[in-house]
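Fold and geometry: a report
In case you want the letters, here they are:
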Amino acid sequence: MRTTKFLLSEKEIPAAWYNILADLPYPMEPYIHPGTGQPVGPQDLIPLFPMELIKQEVSTERWIEIPDEVLEVYKLYRPSPLFRAHRLEKALDTPAKIYYKYEGVNATGSHKPNTAIPQAYYNKQEGIKRIATETGAGQWGSAMAMATNFFGLECAVYMVKVSYDQKPYRRSLMEVYGAKVYASPTSNTQAGRKILEADPDSPGSLGIAISEAVEDAATRDDTHYSLGSVLNHVLLHQTVIGLEAKKQLEMAGDYPDIVIGCCGGGSNFAGVSFPFIQDKFAGKNLRVVAVEPKACPTLTEGEFKYDFGDTAGMTPYMKMYTLGHDFVPAGIHAGGLRYHGDAPIVSLLFDKGVIEAVAYHQTSVFESAVRFARAEGIIPAPESAHAIHCAIEEALKAKEAGEEKVILFNLSGHGYFDMTAYDSFLRNELVDYDFALAACSKE
Ligand SMILES: *Cc1c(COP(=O)(O)O)cnc(C)c1O
């Protein structure tokens, strides 16, 4: 009898997150305060984050225990299943074994609650009453709305105005969990008012929404800010994905030759891959591939340098692969991959050649998404479909070479809130955007 789903029991949810900073053979460059030019210290971050998360940001402990209260909430949807894609393998007629870890099994449909839940918990522990955050496509706002609700915190979500108008059901989801959702730019903040004065019809942007959420948090004692990707502690929380996948592959009697994740800020990619990169540092031979859109190719075409994390320049400088903090990517449907930078840890690993990166156009990505849906049933998030496209390419290469490669990819979420994107694809209305080099070379 062949197995399709590899399932763990609740007792097998990892008891600790894996901190790759303990095993990095190279030093991380510090975050730099843009005002002083000095490394950022804990006191600079205290207005925005709870102490426990600030500590995790710089910790070099290999294992960081997951609090019981967080495990209790994780149990609502973890462990997540690992699938063997038998039907996709057959459709591709490949000797490769394709496995995917499915992070769409929680109510909000992506991997983001893995960090939203501990972030809400640590804020609650510190007596914070309210979280302010931003959301672009809506996945992060949904995850934070759900998580804050579980821990009895209020939640203010600054949602990029175009998405607010285009994705009313994402907004409803957040409101069901009790969050207040604002179409950004708003007149609540100085940053928002400034934008509205210049352009009352501004469609908003993630950069503007971040500036509004940070200002909201920084100007209220009861409120903290929260970020859904990029930072070290976010990547840390996501390692539950790879830690579970490792156990599940053991059950299957396999070990991956290739680990693949789509890469926006880098959190789900880090989550699935870091526990395997630990083995790679110890001498194991495997490839790790980050997949990005051609319209926002941060690793494949960006520069490794210090840059701001947001458009308005309110965050510290971080050393990362970046297209420039004022780069505005084309309106591709994989909203979660439209970030100008990459997590500093992911950037460093790419710079050192530990991981690879590849970029694809959205039409080929959607072709693979539909192929996957027709074989496996799940309609993937447009972001996750980037990883699928890479897995399919690798499986076809294995077929040509006649090799039985073991491929693992992270299916970071489902696409049931993204059906307008599928409509556009099915009507041949998707446009492929190349990255305009001119937009990035502003030193
Ligand atoms: C947000 C999101 C991403 C991109 O974010 P990362 O931090 O790069 O993981 C990818 N997939 C899904 C489904 C998302 O919601």
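Residues numbered from 1 in each chain as written. Predicted model: local features only at pLDDT ≥ 70, side-chain atom pairs only at ≥ 80, totals over all residues. Heavy atoms only, no water.

1. What to know about helix H8 (residues 168–176)
In an α-helix, one turn spans 3.6 residues; hence positions three or four apart end up facing the same way. As a reminder, the rule being used: Each residue is assigned to one of three classes by its accessible area relative to the maximum for its type, calculated with a 1.4 Å probe on protein chains only: buried under 20%, partly exposed between the two thresholds, exposed over 50%. Per the convention used, a helix needs a DSSP run of H or I reaching at least four residues, while a strand needs a run of E reaching at least two, with both numbered from the N terminus. The arc in question is the one traced by the directions running from the helix axis out to the C-beta atoms.
Burial in H8 covers these residues: Arg170, Leu173 and Met174. The buried residues of H8 occupy an angular sector of 95 degrees when the element is viewed end-on, so they sit on one face. Opposite the buried face of H8, at more than 90 degrees from it, the exposed residues are Tyr169 and Val176. Among the residues trailing H8, glycine 178 stands out with phi positive, at a value near 95 degrees.

2. What to know about the sheet that holds strand E15 (residues 406–411)
Cut-off, in case you're wondering: Strands pair, by our definition, only if DSSP identifies at least two bridges between them. Whether two residues touch is decided by their heavy atoms; if any such pair falls within 4.5 Å, the residues are in contact. For helices, the fitted axis covers only the stretch in contact; all axes are lines through C-alpha atoms, and the angles between them, taken along N-to-C directions, range from 0 to 180 degrees.
Strand order across the open sheet formed by seven strands is E1-E4-E5-E15-E10-E11-E14, with mixed pairing between neighbours. Pairing within the sheet leaves two strands with one partner each, and these edge strands are strand E1 (5–6) and strand E14 (356–360). Relative to E14, strand E11 (residues 287–293) is paired through five bridges, and the arrangement is parallel. Across the sheet, residue glutamate 292 finds its bridge partner in E14, namely alanine 359. Sheet strands in contact with helix H16 (residues 362–376) are strand E4 (82–84), strand E5 (97–102), E14 and E15, and its direction is about 95 degrees off that of E14.

3. A look at the pattern of salt bridges
Any two side chains of opposite charge can pair, on the condition that their charged atoms come close. The criterion, for reference: Between Lys or Arg on one side and Asp or Glu on the other, a salt bridge is scored when a side-chain nitrogen of the former is within 4 Å of a carboxyl oxygen of the latter.
A complete count under the given rule lists 18 salt bridges for this structure. Two residues, arginine 287 and glutamate 394, come together in a salt bridge whose shortest N-O distance is 3.2 Å. Separated by 107 residues along the polypeptide, arginine 287 in strand E11 and glutamate 394 in helix H17 (residues 382–401) bring together distant segments of the chain. Given the relative accessible area of 8%, glutamate 394 is considered buried. Glutamate 403 is paired through a salt bridge with lysine 405; the nearest N and O atoms lie 3.5 Å apart. Judged by its relative accessible area of 36%, glutamate 403 falls in the partly exposed class. Because the salt bridges share partners, they merge into one network encompassing Arg78, Lys101, Glu103 and Glu244.

4. Focus: the pairing of E15
The buried fraction of E15 amounts to six of the six residues, a majority that puts the element mostly inside the structure. Alternating residues of E15 divide into Val406, Leu408 and Asn410 and Ile407, Phe409 and Leu411, and every residue in both groups is buried. As paired strands, E5 and E15 are joined by six bridges and run parallel to one another. Bridging from a neighbouring strand, tyrosine 100 pairs with phenylalanine 409 of E15. Judged from the three bridges that link them, strand E10 (residues 258–262) and E15 form a sheet pairing that is parallel. Within the sheet, the bridge partner assigned to valine 259 lies in E15 and is leucine 408.

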